[in-house]
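Architecture at a glance
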Amino acid sequence: MIALIVAQPKVMAPWFAKTLYDGDYSISQRASILIVLGLSARELSGHDTSEYAAAASFPSKRLPERMERMYLEEASVHANRLEAGSGSNLKAIPATALDSIAQDLTSSFLAPLAANAADAATGPDVLKLSSFTSRLNAQGQPKSTAKPKPRLRSIPNTIASLIATNFFFPLTARLQHALRSPASHRRNAPLFQSHLLSLYLKTLAVLIHAAGPSTLALPQMTAELWNLILGLRTQAAPDLPTTHALLIALAAMFEVNAAGSSDGLRKLCADMPREIVETQEWVSGVFNGTRGDDGGQENQVKMLSAGVLITLQEAMERHRALLMGDMIGFT
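Residues numbered from 1 in each chain as written. Predicted model: local features only at pLDDT ≥ 70, side-chain atom pairs only at ≥ 80, totals over all residues. Heavy atoms only, no water.

The protein carries the name Telomere length regulation protein conserved domain-containing protein in an unreviewed UniProt entry, which gives Verticillium longisporum as its organism. Under Sequence similarities (unreviewed entry), UniProt gives the following word-for-word description of the protein: "Belongs to the TEL2 family." (UniProt positions renumbered as here; feature names shortened; annotations may be inferred.)

Structure (structure tokens):
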């Protein structure tokens, strides 16, 4: 399926997004569709793919030996060839194929915060004394006299718009439509099952990260993902996996916007101040309401909510003037 989407992304990605809702599939099959969409987008964007990406192709079937002898000559030679290409060593995509990618997104978001905390305790890196061995090695190395490389011609980034148009927006549009349905329908919908909903949010986080900060549709992607996060926060309150997935989506969204430009968070404060304030209050409640001393998923939620809360508080403190008018009328 990954090869099919990578070969024809404009046709197959929207079709899989539509099939996710309209098709008569089980929860595990819908989860496989979400995983395939996430892995395909990362492969198109040039990111490292999961080790399970190669396991997504469909294995072919062999004829029984009796039929094989009837239709094939030199049965032993052809049998060896078929054995090599039969796909018998292929594995199904596991349900946790996106978890390692989501963990990488979380680590890349929390790493600068941890470095800043370490610098606050021990001083910035530029003031730290290097070891004698490192200074000696630096003095012994000759200075590089290589000429600068010629500038390459810029190539338009069409993959970012491709992921946004054909992967991200079809998924967010259908989830927003499902959120507007009556509560009785949402209660019985397979999409709002805890495991599938958390995987859905992780897929959206992977997609916005795969699109990257250079996509022109990043403001619209941010607005739609943020509205979904705030719309699902009440439903995710008693459910720890869904809360964790919401925080992963927030972390990926903030990281992509901050990587786009030096004033990425300032632009968020200027364009969406109410979302900033509401998210800060919600994440603060998640942080205060999570114990985080079991060493499991509670600890991950506690740590990730602390990172998101620090990012929001720093942005609000730095751009207080942009938020002041909206915070006065916030209830």
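Next comes the rest of the account.
Glancing now at the overall build of the protein. Scanning the protein from terminus to terminus reveals 16 helices and zero strands. By residue count, 41% of the 331 residues in the protein fall in the buried class. Taking the contacts inside the protein whose residues are at least 6 apart along the sequence as the reference set, 77% of them involve residues at least 24 apart. Per element, the accessible surface of the protein, about 19,100 Å² overall, is 55% carbon and sulfur. (Helix = DSSP H or I, 4+ residues; strand = E, 2+ residues; numbered from the N terminus. Buried < 20%, exposed > 50% of the residue type's maximum accessible area, 1.4 Å probe, protein only. Contact = heavy atoms within 4.5 Å. Areas by Shrake-Rupley, 256 points an atom, 1.4 Å probe, with all protein chains shown as cover.)

This part covers the nonpolar core. Phe167, Leu171, Trp226, Leu250 and Phe254 are the most contacted members of the largest nonpolar core, which totals 82 residues. Among the elements that make up this core, the one with the highest residue count is helix α10 (residues 194-211) (12 residues). When near neighbours in sequence (up to four residues on either side) are disregarded, Phe167 contacts Ile5, Pro9, Ala13, Leu37, Ser40, Ala41, Leu44, Leu162 and Leu207. (Core = buried A, V, L, I, M, F, W, Y, C linked by side-chain atoms within 4.5 Å.)

A word on the pattern of salt bridges. Per the stated rule, a full pass over the model turns up four salt bridges. When the shortest N-O distance is used, the salt bridge between Lys267 and Asp271 registers 2.8 Å. Placement of the pair is Lys267 and Asp271 together in helix α13 (residues 264-271), with a separation of four residues, close to one helical turn. Since its relative accessible area comes to 48%, Asp271 is described here as partly exposed. (Salt bridge = Lys/Arg side-chain N within 4 Å of Asp/Glu carboxyl O.)

What follows is about the packing of aromatic side chains. For any pair of aromatic rings, the description rests on two quantities: the centre-to-centre distance and the angle between the ring planes. Tallied over the full model, the rule gives four aromatic pairs. Both rings, one in Trp15 and one in Phe16, keep their centres 5.1 Å apart while their planes meet at 80°; by these two values the pair is edge-to-face. Note on Phe16: relative accessible area 6%, which makes it buried. Directly above the ring of Phe287 sits Lys302, whose terminal nitrogen or CZ lies 4.1 Å from the centroid. (Phe/Tyr/Trp six-rings, centres within 6.5 Å; stacked < 30°, edge-to-face > 60°. Lys NZ or Arg CZ within 6 Å of the ring centre and 35° of its normal.)

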